[in-house]
Amino acid sequence: MEETIDHTPQVWTAGQLRTALAGLPDNTPLHVGVADGPGDFEGYSEFALVDLEPVEKEYRDGASVRTEVEYTLFADFKAGRYEQDLV
């Protein structure tokens, strides 16, 4: 039988991100460490931050549907040489 956990990370606000970036030079590259599992940063994959876009998401609550815009940071693989996956 699988064990389940409830995982509710605190999503940062734009203000928290601004505070974290305060004092960094404008040309500082930003990387994103993606956890190997919920809350598991002992091992993580590192990606390069490449974009910020507003993304419309639909949420259903019974019969009603609401749309919200979430601003999403997009990450890509870091620069390097990779084997091309032909599948």
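The notes below deal with the structure included here. (Residues numbered from 1 in each chain as written. Predicted model: local features only at pLDDT ≥ 70, side-chain atom pairs only at ≥ 80, totals over all residues. Heavy atoms only, no water.)

## Some points on the overall build of the chain
Helix and strand counts for the chain stand at one helix and three strands. Its C-alpha atoms give the chain a radius of gyration of 17 Å, clearly above 12 Å, the size a compact globule of 87 residues would have. Across the 87 residues that make up the chain, the buried fraction comes to 2%. In the chain, 28% of the contacts between residues at least 6 apart in sequence involve partners at least 24 apart. Looking at the chain as shown, the accessible area adds up to about 8300 Å², and 52% of this sits on carbon and sulfur atoms. For the chain, the distance from the average position of its 6 positive side-chain charges to the average position of its 18 negative side-chain charges is 6 Å. (Helix = DSSP H or I, 4+ residues; strand = E, 2+ residues; numbered from the N terminus. Rg over C-alpha atoms; globule rule 2.2 N^0.38 Å. Buried < 20%, exposed > 50% of the residue type's maximum accessible area, 1.4 Å probe, protein only. Contact = heavy atoms within 4.5 Å. Areas by Shrake-Rupley, 256 points an atom, 1.4 Å probe, with all protein chains shown as cover. Lys, Arg positive; Asp, Glu negative; His and termini not counted. Charge placed at Lys NZ, Arg CZ, Asp CG, Glu CD.)

## So, the packing of aromatic side chains
Under the criterion given, the structure shown has two aromatic pairs. Seen in terms of ring centroids, Phe-47 and Phe-77 are 5.2 Å apart; in terms of plane orientation they differ by 70°. Their pairing is edge-to-face. With Phe-47 in strand E2 (residues 40-61) and Phe-77 in strand E3 (residues 64-77), this residue pair connects regions lying 30 residues apart in the sequence. Linked through ring pairs, Phe-47, Phe-77 and Tyr-82 together constitute an aromatic cluster. (Phe/Tyr/Trp six-rings, centres within 6.5 Å; stacked < 30°, edge-to-face > 60°.)

## Examining the pattern of salt bridges
Here the structure, examined in full by the defined rule, presents four salt bridges. Residue Lys-78 pairs with Glu-46 through a salt bridge whose shortest N-O separation is 3.6 Å. Highlighted residues: Lys-78 in the segment after E3 and Glu-46 in strand E2, separated in sequence by 32 residues. Judged by relative accessible area, Lys-78 falls into the partly exposed class, the value being 31%. With relative accessibility at 35%, the residue Glu-46 sits in the partly exposed group. Among the salt bridges present, the one from Arg-60 reaches Glu-58, with a minimum N-O distance of 3.8 Å. In this pair, the class of Arg-60 matches that of Glu-58, namely exposed. (Salt bridge = Lys/Arg side-chain N within 4 Å of Asp/Glu carboxyl O.)

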